[in-house]
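# Structural features, examined
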Amino acid sequence: MTFFGRLKKMMSFSSAQDVKEEGAGKIEPGEKVHGRPRVHVLATGGTIAGRQVSTGPRYRAGVLDVEALLGAVPALRGLADYSSEQMANIGSQDMDELLWLKIARRVNELLADPDVGGVVITHGTDTLEETACFLDLTVRDPKPVVLVGAVRPAGALGADGAVNLIDAVTVAANPGSVGRGVLVVMHGGLFEARDVTKVSSSSLLAFAAPNSGPLGQLVDERVYFGHRTGLSPKRPVFDVSRLDTLPPVGIVYGHAGATALPVKAMIEGGYRGIVSAGVGSGNLHRDVLAALADASGRGVAVVRASRVPSGLTLRNVEVDDNRYGFVAAGALNPQKARVLLQLALTRTRKPEEIQKVFDGY
């Protein structure tokens, strides 16, 4: 059955505000489980926990707590034993680095427990890809970590949260998900954190991996993986257990008539790094190029990425990165390049070393 066929079937379920958890598959934290995988659900809010406030498109994100969210999906009980906790209940436009660090520490703590087989994180779609990227770079354990969201809130016609949540738990409980890094599940597609991005603000087909395609797909509650078998051995993993904050890094967006003003403001604001969301293959307006060259000369790390949805930003193509001390983002989009640069700056400020980090991801 296709995603949309399953979605139609799921529409017969009651909405989250009308159904209470009966506990058949739910276990309490610390309870030992034998014979079935245990999946721990961390809730952070978002549209998947939202509620429609009118008959139109308006809704409030982060209204339902994790108990109401899981209680609305009785089918979860047949997939895995699960426990849950509320990490936050926000729209993901308000996600920040402090919450990232809190989530990463909690995920590493959970996966160190031999009774936990995997973690599912419910998340708003606006910044879901950035959180997934951050966790992909900071979670050490090979057990599955799966992020999931929804385009439509509970109560909306064709709400997709329930079927997406079923898919996420299915992936987290699947032994084939081990060692594949942090994953994202949406609308029947399975994506790697490094490659996935939001491509539509309204369609249920809101996520894609423009450069690589999906890692796999879900059909009838079964996971079908593609040809890729695991993470690169060069993949950088950062220990954030003792970090209280991350170095400030901003993004400068390229466009016709761009000026150096945003770059200068970031330099004056004490930013440690700047990512250029350049045009084409990461090209820059001459005034922005001059300002970024000045920033690099002052010890600010500069990474060139592209505002174009797919393709690569390669070193020394169109811009002489060697001359200016810039780093090329490769396949990473600007928002993910920012995440990786923040983490890289916890280790080094040398452009050549930062480039090695980017080349390894």
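Presented here is a report on the structure given in the accompanying data block. (Residues numbered from 1 in each chain as written. Predicted model: local features only at pLDDT ≥ 70, side-chain atom pairs only at ≥ 80, totals over all residues. Heavy atoms only, no water.)

### Details of the overall build of the protein chain
Counting its regular elements, the protein chain contains ten helices and 16 strands. For the protein chain, the exposed area adds up to about 15500 Å²; of that, 51% sits on carbon and sulfur atoms. (Helix = DSSP H or I, 4+ residues; strand = E, 2+ residues; numbered from the N terminus. Areas by Shrake-Rupley, 256 points an atom, 1.4 Å probe, with all protein chains shown as cover.)

### Structural notes on the pairing of strand 1 (residues 38-45)
Looking down a regular strand, the side chains alternate between one sheet face and the other. The buried fraction of strand 1 is high, at eight of eight residues. Sheet topology places strand 1 next to strand 4 (residues 81-90); seven bridges connect them, and they run parallel. Looking at the pairing, L42 lines up with E85 of strand 4. Direction of pairing for strand 1 relative to strand 5 (residues 118-122): parallel, over a ladder of five bridges. If you follow V39 over to strand 5, its bridge partner there is G118. (Buried < 20%, exposed > 50% of the residue type's maximum accessible area, 1.4 Å probe, protein only. Pairing = 2+ DSSP bridges.)

### Observations concerning the environment of G124
Turning to its location among the elements, G124 is positioned in the loop between strand 5 and helix 4 (128-136). Between the C-alpha atom of G124 and that of Q93, which follows or precedes it by 31 residues, the distance is 7.9 Å. The contact partners of G124, leaving out residues within four places of it in the chain, are G45, G46, T47 and S92. (Contact = heavy atoms within 4.5 Å.)

### Considerations on the sheet that holds strand 6 (residues 145-148)
By definition, the strands of a sheet pair up through backbone hydrogen bonds, in either a parallel or an antiparallel sense. Sheet architecture is open: eight strands sit in the order 4-1-5-6-7-8-11-12, paired in mixed fashion. Every interior strand has two partners, whereas the edge strands, strand 4 and strand 12 (222-225), have only one. Each adjacent strand pair in this sheet contributes to an overall mean axis angle of 25°, direction not counted. Contacting strand 1, strand 5, strand 6, strand 7 (182-186), strand 8 (189-192), strand 11 (216-219) and strand 12, helix 5 (residues 161-172) crosses the sheet at an angle of about 160° to strand 5. (Axes fitted to C-alpha atoms, helices over the stretch in contact; angles between N-to-C directions.)

### Here we look at a nonpolar patch on the surface
Judged by side-chain polarity, L312, L314 and V317 come together as a nonpolar surface patch covering roughly 240 Å² of accessible area. By the element assignment, L312 lies in the loop between strand 15 (301-306) and helix 8 (321-324). Taking the relative accessible area as the measure of exposure, L312 reaches 47% and is therefore partly exposed. (Patch = residues over 30% accessible without salt bridge, like charges linked within 9 Å, V, L, I, M, F, W, Y side chains within 5 Å. Salt bridge = Lys/Arg side-chain N within 4 Å of Asp/Glu carboxyl O.)

### Remarks on the sheet that holds strand 15
With parallel pairing, four strands are arranged side by side in an open sheet as 13-14-15-16. The sheet is open, and its two borders are formed by strand 13 (249-253) and strand 16 (327-328), each paired with just one other strand. Strand direction decides the pairing type here: strand 14 (residues 273-278) and strand 15, joined by six bridges, are parallel. Looking across to strand 15, one finds that S276 is bridged to R304.

### Regarding the packing of helix 4 against helix 9 (residues 334-344)
Two elements in contact, helix 4 and helix 9, have axes separated by 9 Å at closest approach and are oriented at 30°. For the element pair helix 4 and helix 9, the recorded crossing hand is right-handed. Contact with helix 4, carried on its side by E129, E130, C133 and F134, involves Q335, K336, R338, V339 and L343 of helix 9 and no other residues of that element. (Left-handed = near helix turned anticlockwise from the far one by under 90°.)

### A short note on the side chain of T122
For T122, the position within the fold is in strand 5. On the basis of relative accessibility, which here comes to 1%, the residue T122 falls in the buried class. Apart from residues no more than four positions distant in its own chain, T122 is found in contact with V41, L42, A43, T44, G45, I48, L69, V148 and L165.

### With respect to the nonpolar core
With 57 residues, the main nonpolar core has V107, I121, F134, L135, L147, L341 and F358 as its most contacted residues. Top contributing element to this core by residue count: helix 3 (residues 97-111), with eight residues. Not counting residues within four places of it along the chain, the set of residues in contact with L135 comprises I103, A104, I121, L147 and V182. Membership of the second largest hydrophobic core comes to 29 residues, among which are L69, A80, V146 and V171. (Core = buried A, V, L, I, M, F, W, Y, C linked by side-chain atoms within 4.5 Å.)

### Some words on the packing of aromatic side chains
Here a ring pair, both rings aromatic, is described through the centre-centre distance and the interplanar angle of the planes. Under the counting rule described, the total for this entry stands at two aromatic pairs. A ring pair is formed by W100 and F134, whose centres lie 5.0 Å apart and whose planes are at 15°; its orientation type is stacked. Highlighted residues: W100 in helix 3 and F134 in helix 4, separated in sequence by 34 residues. On the basis of relative accessible area, W100 is assigned to the buried category, the value being 4%. Seen in terms of ring centroids, Y324 and F326 are 5.3 Å apart; in terms of plane orientation they differ by 25°. Their pairing is stacked. Residue placement shows R180 over the ring face of F225; its charged tip is 4.0 Å from the ring centre. Between the NZ or CZ atom of R347 and the centre of the ring of F238, over which it lies, the distance is 4.0 Å. (Phe/Tyr/Trp six-rings, centres within 6.5 Å; stacked < 30°, edge-to-face > 60°. Lys NZ or Arg CZ within 6 Å of the ring centre and 35° of its normal.)

That is the geometry; function is a separate question.
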